[in-house]
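Here is what each chain is made of, one letter per residue.
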Amino acid sequence: VDKKNLEIENHIILGGAGFIGSNLAQHLSRLSKKITIVDNFSLGSLKILEDLNLKNNLNIKVIDGDINSSTTWNHIYENNLEESFIWHLAANSDIKSGATNPYPDLINTFQTTASLIAHARELKLSGIAFASSSAVYGNKNHRLSEEMSCDPISNYGVAKLASENMLRAYSNLREIPLWIFRFANIVGTPATHGLLFDLFLKYKKNNHQVEILGNGSQLKTYLGVNELIKFMLKLIEQKNSGTWNLGPNDQGVSVEKIAKLFAEHLIPIPALQFGITTHGWPGDMPTALLNCDKLFGLFQETKLSSEVFIHHAIHDIGNQLEMILKCDRQ
Ligand SMILES: NC(=O)c1ccc[n+]([C@@H]2O[C@H](COP(=O)([O-])OP(=O)(O)OC[C@H]3O[C@@H](n4cnc5c(N)ncnc54)[C@H](O)[C@@H]3O)[C@@H](O)[C@H]2O)c1
């Protein structure tokens, strides 16, 4: 994205110290934008910001605080007197933890949205972007397209859909442009969670055998984090607000295939121990293939492949964890 094309100068990133938020901050910082990162470091970390040189940068303000707290918002107001664009990426991204306990999704995924709406009137907002997910759709027999009905089967999906709806109502009432981005599985570094991250952590504990959640038949689409950010920035730059599936338009990759690619990458090669269920955990969608025809109606030039993104991510996440372990040993 060209600096002069993205007109918005001032960006607030809720959840900016996580995987996607820190990558977004880095992209925006290269475009010389003024950035406020807000995070309580529950899943993201200050180290992520330091490693990406986002900590001691004059254009970037880091606010350590909970989005559900008014004190945090007072800091956000002080730092954002001019017109701002807000990115809501904060959530309980640890979807499994919400399988039995609804509170992480209620508090960190949904309540953070309500808190944003409750506090946004004090800001001059030029727009809102919300990180939603394919999890809003639930199990369907077809590829998942934006106009389908949504029947989420996890607390995470429910909290994302409720957040979408609350933001839509707010956007209509206040006439603030809103981008709802429903992401495929996003891969890359600095990983904070997700299938590959889990596999590497298990391997570090036991390099002979790695347990796979589910029987491996789960089939999903995967997108690299840099491509995700380019799509989001282009849609905002072109003022195409609305609901967008963001992912590759391919047939996805199975968990079995990913686990095998992961194992082949390692020395020693671990044995893979598959489960028996068609899902990884209660609330996991066995199949999640996004239909991104709407997106590729606009950006025809791109040929993306879930498998290529997985290959890159295995390499990058492996290096990331190697670095972390090296630092821990020193
Ligand atoms: N990574 C994916 O594959 C994927 C797919 C679909 C949707 N999403 C969504 O994209 C967004 C970013 O995902 P990510 O992968 O970067 O996850 P992440 O966990 O790395 O980032 C989320 C950040 O939000 C912060 N946070 C959570 N609750 C907070 C609170 N109450 N106050 C302040 N900060 C809080 C966490 O500390 C973390 O840094 C999330 O909303 C996630 O649900 C991600």
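Residues numbered from 1 in each chain as written. Predicted model: local features only at pLDDT ≥ 70, side-chain atom pairs only at ≥ 80, totals over all residues. Heavy atoms only, no water.

Asks: Can you explain helix 4 (residues 103-120)? Please cite residues and give values.
Replies: Under the 1.5 Å per step criterion, the end-to-end length of helix 4 is 24 Å for 18 residues, consistent within 8% with the ideal 26 Å. Along helix 4, the helix axis deviates most sharply at Gln111, where the bend reaches about 40°. Every buried residue belonging to helix 4 is among Pro104, Asp105, Thr109, Thr112, Thr113, Ser115, Leu116, Ile117, His119 and Ala120, and all of these are buried. Check the buried side of helix 4 and you find it contacts strand 1 (10-14), helix 3 (70-79), strand 4 (84-88), strand 5 (125-133) and helix 5 (155-174). (Helix = DSSP H or I, 4+ residues; strand = E, 2+ residues; numbered from the N terminus. Expected span 1.5 Å × (residues − 1). Bend = angle between axes of the 7 residues up to and from the residue. Buried < 20%, exposed > 50% of the residue type's maximum accessible area, 1.4 Å probe, protein only. Contact = heavy atoms within 4.5 Å.)

Asks: Describe in detail the environment of Asn206, supporting the description with residues and values.
Replies: In this fold, Asn206 is placed in the loop between helix 6 (195-205) and strand 8 (209-212). Sequence spacing of Asn206 and Asn319 is 113 residues, and the spatial spacing of their C-alpha atoms is 18 Å. Looking at Asn206, its side chain comes within polar contact range of the main-chain nitrogen of His208, at 2.9 Å. (Polar contact = N/O pair within 3.5 Å; in protein donor to acceptor, adjacent residues only side chain to side chain.)

Asks: Which residues make up the site of the ligand, and what are the values?
Replies: Around the ligand, 32 residues are found, and the nearest of them are Ile20, Asp39, Ser93, Tyr156 and Thr192. In this structure, an oxygen atom belonging to the ligand sits 3.2 Å away from a main-chain N or O atom of Ser42. At 3.0 Å from an oxygen atom of the ligand is found a main-chain nitrogen or oxygen belonging to Gly44. When the ligand sits alone it has 810 Å² of accessible area, and the protein chains cover 97% of it. Breaking the shell around the ligand down by element, the ones donating at least two residues are helix 1 (19-30), helix 4, strand 5, helix 5 and strand 7 (185-187). Looking at the shell around the ligand, the element that brings in the most residues is strand 5, giving three residues. (Near = heavy atom within 4 Å. Areas by Shrake-Rupley, 256 points an atom, 1.4 Å probe, with all protein chains shown as cover.)

Asks: Got a sec to walk through the sheet that holds strand 2 (residues 34-39)? Specific residues and values, please.
Replies: The strand order across the open sheet built from seven strands is 3-2-1-4-5-6-11, with neighbouring strands paired in parallel fashion. Since the sheet does not close on itself, it has two edges, and those belong to strand 3 (60-64) and strand 11 (242-246), each with one partner. For this sheet the average axis-to-axis angle between neighbouring strands, irrespective of direction, equals 15°. Of the pairings in the sheet, the one linking strand 1 to strand 2 comprises five bridges and is parallel in character. If you follow His11 over to strand 2, its bridge partner there is Ile35. Against the sheet, helix 1 contacts strand 1, strand 2, strand 3, strand 4 and strand 6 (178-183), and its axis sits at roughly 170° relative to strand 1. The sheet contacts of helix 5 involve strand 5, strand 6 and strand 11, and relative to strand 5 the element is tilted by about 160°. (Pairing = 2+ DSSP bridges. Axes fitted to C-alpha atoms, helices over the stretch in contact; angles between N-to-C directions.)

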